[in-house]
Amino acid sequence: MRITTLFMLIAMMSTTGCLQQRLQQQRSANRTASGRSTQKAQRQRGSSSRLSRTHTKRHQAAQAHSSSRSIPRAAASPMRHEPKIAVRTKGKTVRVPLEQYVAGVVASEMPAQWPAAALQAQAIAARTYALWQMQQRAAKPYHVQTTVMNQVYNGSVSSQSAAAQAAQATRGVVVTWQGQLGHTYFHASCGDHTTSSQSVWGSAIPYLHGVSCTFCAKAGKQYRWSVSIDYNSLNKALRTQVRGRIRRVQMGKKLPCGRLQSVQLIARQKSELPATKLRQLLGYNRLPSTWITNINNTATGVVFSGQGHGHGVGMCQWGAAGMANAGYNAKQIIAHYYPATQLQRWY
């Protein structure tokens, strides 16, 4: 209570002869009000603390969604709601909600401890590829397989996992080119430079022309590698490609990006084999890529040395992790590996 008010009260009380009694009552009321004010302040402080914690969590969640919050909805999108994708696995076809599938692909394609921006870029690429497959195979029994022939998918994951959070943070966001779904191919490691779709598959796609990548050096054996294949294994794998036994393998034509276009097989006759076919027949994991920098023929077999792992088209996964560690966000990663494309919300 203000001092002037108290003085007025005293003056009033003195005219009634009950000043002492009223003052005692006023002091009691003041103590009660003070106690209530203290309790109210404590409640407000507690509430403020809870609100602060809630605000922090919401702020963190908002940051997680920042890569997709400003992305416009695609005008050409035919979808209002999340679709289901038909997945061929273990001899049967199952229909899975697309975001559940995307989270499973991210968990299968990238380590959970990789930076969030890399996981989000993978989610965007995986979602775009899945939707594109759904368009291409709309009349087929299933849209995708669960192997490297499409995207690796080992089943659903916990909603609390890093992969599921990456899918949720980019929900519905896809890569587009001139309003259409992009061809978002990806691979483990490019080895310094991605390659063009023209070089690998013979079809030129404007945003898959190959870009420099200085971020995948930590890929270890997927960055630089050397593999030895004995002549028996080599002849068994390539028996339909040559007449007689292979005695030597030599470097063939090179592509502008540095990868081999072909190799020469020296048997009864010399023959030329596309490097992509060589990798397919030997095994995609056995011969990591077609960026073969040296071929050494020994008494027992052939030693191939090279760089990168995978076909080299589109997003380099190890490169995406390197970019994320360097401070780039998912949108910037996508823009680097699929230049001139746009991000849009498909549903």
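Just above, that's the structure.
Everything numeric here is computed off the predicted structure, so don't read it as measured data.

A. Here's a closer look at helix α4 (residues 98–109). Look at α4: 16 Å from first C-alpha to last across 12 residues, which is about the 16 Å you get at 1.5 Å a residue. Summarising burial for α4: 9 of the 12 residues are buried, a large majority. Those residues of α4 that sit buried are Leu98, Glu99, Tyr101, Val102, Ala103, Gly104, Val105, Val106 and Glu109.

B. Quick look at a nonpolar patch on the surface. Taken together, Val148, Met149 and Tyr284 make up a surface patch of nonpolar side chains, about 330 Å² in accessible area. Topologically, Met149 is positioned in the loop between β3 (144–145) and α6 (162–169). For Met149, a relative accessible area of 54% corresponds to the exposed category.

C. Representation of the side chain of Asn235 in the model. Structurally, Asn235 can be placed in helix α8 (residues 231–237). Among the polar contacts listed, one links the side chain of Asn235 to the backbone nitrogen of Ile246, at a separation of 2.6 Å. The contacts of Asn235, once residues within four sequence positions are left out, are Gly244, Arg245 and Ile246.

D. Looking closely at the packing of aromatic side chains. The final tally for this structure, using the stated rule, is 7 aromatic pairs. Ring pairing ties together the aromatic residues Tyr129, Trp132, Tyr185 and Trp201, which thus form one cluster. Here the guanidinium or amino end of Arg137 rests over the ring plane of Tyr142, the centre of that ring lying 4.7 Å away.

E. Seen up close, the sheet that holds strand β12 (residues 301–307). With antiparallel pairing, 3 strands are arranged side by side in an open sheet as β7-β12-β11. Each end of this open sheet is capped by a strand with a single partner; those strands are β7 (224–230) and β11 (292–297). Direction aside, neighbouring strands of the sheet carry axes that sit 15° apart on average. Alignment of β7 against β12, held across 7 bridges, turns out to be antiparallel. Each bridged residue has a counterpart across the sheet, and for Ser228 the counterpart in β12 is Val303.

F. The arrangement of unusual backbone geometry in detail. Unusually for a residue other than glycine, Gln178 sits at a positive phi of about 55°. Looking at the secondary structure, you find Gln178 in the loop between β4 (173–177) and β5 (180–181). At Asp192, a residue that is not glycine, the phi angle is positive and equals roughly 130°. In this fold, Asp192 is placed in the loop between β6 (186–187) and α7 (197–201).

G. Main features of the pairing of strand β2 (residues 92–97). The sheet contact formed by strand β1 (residues 84–89) and β2 spans 6 bridges and is antiparallel. Considered in β2, the bridge of Ile85 is made with Val96.

Rules behind the numbers
Residues numbered from 1 in each chain as written. Predicted model: local features only at pLDDT ≥ 70, side-chain atom pairs only at ≥ 80, totals over all residues. Heavy atoms only, no water. Helix = DSSP H or I, 4+ residues; strand = E, 2+ residues; numbered from the N terminus. Expected span 1.5 Å × (residues − 1). Buried < 20%, exposed > 50% of the residue type's maximum accessible area, 1.4 Å probe, protein only. Patch = residues over 30% accessible without salt bridge, like charges linked within 9 Å, V, L, I, M, F, W, Y side chains within 5 Å. Areas by Shrake-Rupley, 256 points an atom, 1.4 Å probe, with all protein chains shown as cover. Salt bridge = Lys/Arg side-chain N within 4 Å of Asp/Glu carboxyl O. Polar contact = N/O pair within 3.5 Å; in protein donor to acceptor, adjacent residues only side chain to side chain. Contact = heavy atoms within 4.5 Å. Phe/Tyr/Trp six-rings, centres within 6.5 Å; stacked < 30°, edge-to-face > 60°. Lys NZ or Arg CZ within 6 Å of the ring centre and 35° of its normal. Pairing = 2+ DSSP bridges. Axes fitted to C-alpha atoms, helices over the stretch in contact; angles between N-to-C directions.

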